[in-house]
Protein chains: 2
Amino acid sequence: MATKEIMAKMILDRWNASIKNFDDLLNTLSDEQLQREIGPNKNRGIYLLGHLIAVHDLMIPLLDMGQAMYPNLHKPFVELADKAAEKIPSAKELREHWIKQRELLKQKFDHLKPEDWFEKHTAVSDEDFIKEPHRNKLNVILTRTTHLQYHIGQVVILK
Amino acid sequence: MATKEIMAKMILDRWNASIKNFDDLLNTLSDEQLQREIGPNKNRGIYLLGHLIAVHDLMIPLLDMGQAMYPNLHKPFVELADKAAEKIPSAKELREHWIKQRELLKQKFDHLKPEDWFEKHTAVSDEDFIKEPHRNKLNVILTRTTHLQYHIGQVVILK
């Protein structure tokens, strides 16, 4: 196996395992449990679900994979803190978004070849990328995987 | 920059940033806050601190970097659940271990060259490594980084 293939596998394995972790966890939590805060005056489970969908949604244009699926979720779940938005989707709607998004991302990711993962993402200029070749698409997956695990650690407290 | 160098930088940057995150977080928490559970009947902060030290300690022989520093912590903080061990070190002792270990790991990690990171870790046989070249030392850092972020997400609730 060539080095780029090994590296892409290492990081995508972590991403896929983390997505599955959260998926399994979500399936054990009721809508009522998602309404709870992870700690006193901390974020609710439903906010974190919306937050993860929004953060992953923002990856789509960043990875040059098309348009974001749910731009209406970016403000309430990324720009604003929990309980700051007037109205947010129901847990049922968010669960549906999570599933649809997971399928789209899997389709898109499975189509990339190892060398594609080492291209720059869309927030880096060509000049900067020459000096900073680590700012590639795979690095986006890496940082979103650690971010996802951070929040899985929190949502698991709701069980 | 060669591909192995890029990949090693990507993952070690994540590891170093995560270690710093936890370090900064630990410095904002009092010993009393560490005694609290992250949620009702969940792990205490002090257990998670010991757990992270023990998990990172187990990496040392796995990465062929010498002997574990704190083998006495493996049982209470990895094999046993929180509150199952009769006696555990104080928060003060654990904080000292965390700092010493962080310095040793940094020293050891800084000495490896990118190609060293793609060698197999010590729990993989030579035969298996030919078929599974992703089971390398860098992958150990990758999985421990996501594990660390998972618990940072939990410990942050104690603030």
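In this report, the structure presented in the accompanying data block is examined.

Reading the values: rules and limits
- Residues numbered from 1 in each chain as written.
- Chains lettered and ligands numbered in written order.
- Predicted model: local features only at pLDDT ≥ 70, side-chain atom pairs only at ≥ 80, totals over all residues.
- Heavy atoms only, no water.
- Salt bridge = Lys/Arg side-chain N within 4 Å of Asp/Glu carboxyl O.
- Helix = DSSP H or I, 4+ residues; strand = E, 2+ residues; numbered from the N terminus.
- Buried < 20%, exposed > 50% of the residue type's maximum accessible area, 1.4 Å probe, protein only.
- Expected span 1.5 Å × (residues − 1).
- Arc of directions from axis to C-beta.
- Contact = heavy atoms within 4.5 Å.

1. Notes on the pattern of salt bridges
All names here are of chain A. In this structure the tally under the stated criterion is 28 salt bridges over all chains. The closest approach of N and O atoms between Asp13 and Lys9, which form a salt bridge, is 3.0 Å. With Asp13 and Lys9 both in helix H1 (residues 3-28) and 4 residues apart, the pair spans about one turn of that helix. Given the relative accessible area of 28%, Lys9 is considered partly exposed. The salt bridge partner of Asp31 is Arg95, with a shortest N-O separation of 2.9 Å. Note that Asp31 is positioned in helix H2 (residues 31-34) and Arg95 in helix H5 (residues 91-110), a separation of 64 residues in sequence. Judged by its relative accessible area of 18%, Arg95 falls in the buried class.

2. Quick notes on H5(A)
All names here are of chain A. In a regular helix each residue adds 1.5 Å, so 20 residues correspond to 28 Å; H5 covers 28 Å between its end C-alpha atoms and thus fits that length. For H5, the set of buried residues is Ala91, Leu94, Arg95, His97, Trp98, Gln101, Leu105 and Phe109. All buried residues of H5 fall inside an arc of 155 degrees around its axis, so they share one side. Exposed side of H5, more than 90 degrees from the buried face: Lys92, Lys100, Gln107 and Asp110 are the residues found there. Summarising the contacts, the buried residues of H5 are in contact with H1, H2, helix H3 (45-62), helix H4 (74-79), helix H6 (114-117) and helix H8 (137-155).

3. Considering the environment of A:Lys108
Residues and elements named next belong to chain A. Summarising the element assignment, Lys108 is placed in helix H5. For Lys108, a relative accessible area of 30% puts it in the partly exposed group. Spatially, the C-alpha atom of Lys108 lies 9.6 Å from that of Gly66, the residues being 42 residues apart in sequence.

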